[in-house]
Amino acid sequence: MSDTHKLEPGQKVNLGEMPADGKDFHDNRKEAEKEFKELRKEFRDLQARLYAEDKRQMLIVFQAMDAGGKDGTIRVITQGVNPQGVRVASFKAPSKKELAHDFLWRIHPHAPARGMISIFNRSHYEDVLVVRVDNLVPESIWRPRYDHINNFEELLVDSKTTILKFYLHIDREEQRERFQERVDIQEKNWKFSFEDLEKRKQWDGYMAAYEEMLEKTTTTYAPWYVIPANQNWY
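Nothing here was measured: the structure is a model prediction, and the numbers come from that model.

*Asks:* Explain the pattern of salt bridges to me, using residue names and the numbers behind them.
*Replies:* Once the charged atoms of two side chains with opposite charge are near each other, the side chains can pair. Scanning the model with the defined rule gives 19 salt bridges in all. Close ionic contact of Asp 196 with Arg 182 constitutes a salt bridge, the shortest N to O distance being 3.5 Å. Placement of Asp 196 in helix H8 (residues 194-200) and of Arg 182 in helix H7 (residues 172-184) is noted, with a sequence separation of 14 residues between them. Taken together, the shared-partner salt bridges connect Arg 132, Glu 139, Arg 143 and Glu 212 into one network.

*Asks:* Kindly report on the environment of Met 207, identifying the contributing residues and their values.
*Replies:* One can find Met 207 in helix H9 (residues 203-216). Along the chain, Met 207 and Leu 129 lie 78 residues apart, while their C-alpha atoms are 9.4 Å from each other.

*Asks:* Provide a residue-level description of helix H2 (residues 70-77), including the pertinent values.
*Replies:* Taken residue by residue, H2 has Lys 70, Ile 74 and Ile 77 as its buried positions. Considered in projection along H2, the buried side chains sweep an arc of 75° and stay on one side of the axis. Residues of H2 that are buried in the fold lie against helix H1 (29-53), strand E1 (57-64), strand E2 (86-90), strand E3 (117-121) and strand E4 (161-169).

*Asks:* Before we move on, can you summarise the sheet that holds strand E5 (residues 224-228) with the specific residues and values?
*Replies:* Here 5 strands make up an open sheet; going across it, the order is E2-E3-E1-E4-E5 and the pairing parallel. Bordering the open sheet on either side are E2 and E5, each of which pairs with just one other strand. Between one strand axis and the next, the sheet turns by 20° as a mean value, whatever way the strands run. As paired strands, E1 and E3 are joined by 5 bridges and run parallel to one another. In the sheet register, Phe 62 faces E3, and the bridge partner there is Asn 121. Contacts between helix H6 (residues 145-158) and the sheet are confined to E1 and E4, with E4 contributing the most and set at about 135° to the helix.

*Asks:* So what's going on with the packing of aromatic side chains? Residues and values would help.
*Replies:* The final tally for this structure, using the stated rule, is 9 aromatic pairs. Their ring planes at 35° and their centres at 5.5 Å tell us that Phe 166 and Tyr 225 sit as a pair that is tilted. With Phe 166 in strand E4 and Tyr 225 in strand E5, this pair connects stretches of sequence that are 59 residues apart. For the pair formed by Phe 166 and Tyr 225, the shared burial category is buried. Ring pairing ties together the aromatic residues Phe 25, Trp 233 and Tyr 234, which thus form one cluster. In this arrangement the basic side chain of Arg 145 is found over the ring face of Phe 103, its NZ or CZ atom lying 4.7 Å from the centre.

*Asks:* Can you explain unusual backbone geometry? Please cite residues and give values.
*Replies:* Notably, Asp 54 is not glycine yet its phi reads approximately 60°, a positive angle. You can see Asp 54 is positioned in the loop between H1 and E1. Residue classification places Asp 54 among the partly exposed positions, given a relative accessible area of 37%. A positive phi is found at Ala 67, a non-glycine position, where the angle reads about 70°. Tracing the backbone shows Ala 67 in the loop between E1 and H2.

Parameters and conventions
- Residues numbered from 1 in each chain as written.
- Predicted model: local features only at pLDDT ≥ 70, side-chain atom pairs only at ≥ 80, totals over all residues.
- Heavy atoms only, no water.
- Salt bridge = Lys/Arg side-chain N within 4 Å of Asp/Glu carboxyl O.
- Helix = DSSP H or I, 4+ residues; strand = E, 2+ residues; numbered from the N terminus.
- Buried < 20%, exposed > 50% of the residue type's maximum accessible area, 1.4 Å probe, protein only.
- Arc of directions from axis to C-beta.
- Contact = heavy atoms within 4.5 Å.
- Pairing = 2+ DSSP bridges.
- Axes fitted to C-alpha atoms, helices over the stretch in contact; angles between N-to-C directions.
- Phe/Tyr/Trp six-rings, centres within 6.5 Å; stacked < 30°, edge-to-face > 60°.
- Lys NZ or Arg CZ within 6 Å of the ring centre and 35° of its normal.

Put into structure tokens, the structure is as follows:
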């Protein structure tokens with residue numbers, strides 16, 4: 001796949017200096033959408049072969065700020081794929097039972113089996129993001145999790161799992177506009193939560209957490225891709 005937005009191990013990350021506008025990379029929306037449909041067809045064909053071969057598997061991880069476009073992205077890329085071979089897992093606040101175990105306990109059962117593709121809408125990375133920003137546990141607990149995550153992903157890769165990790169990068173103004181749309185457009189009212197506004201106040205804290213996460217968990221076997229996401233079509 002294209003390495004345009006791929007991070008390299010050891011690379012310093014400053015999201016404020018990284019482009020969030022996809023139009024900086026592709027100035028023709030119609031042509032981009034045409035290319036996307038061709039790529040989606042290729043993805044469907046390869047997914048069918050992966051399922052039939054039954055020898056390896058794939059994990060796709062999506063992370064983003066609220067209103068970053070994770071749900072929509074997953075919906076459009078999986079259109080037309082065989083549902084027998086793709087599973088989407090969405091990770092919310094952990095339950096009491098999940099909190100009684102190590103932080104990866106609830107994640108591992110959703111890792112893909114042979115021939116399967118698993119897509120994570122949020123993921124194990126919440127345990128170095130929201131946990132950190134909201135001070136849910138002390139730093140002495142969340143900081144070692146970078147190494148635990150890298151080791152977990154290395155285990156998956158050693159078990160013939162291809163891991164693709166995407167951070168959908170929007171800027172603060174784009175998030176404000178998307179929140180406002182949720183208020184102004186009746187059909188989108190269901191998406192709006194006052195909790196979104198509280199999270200928005202923590203923007204700087206989340207940027208710091210994401211930057212360190214991207215730096216600490218970009219590896220040769222599971223690098224991050226920072227995708228400019230201000231324009232959904234890109």
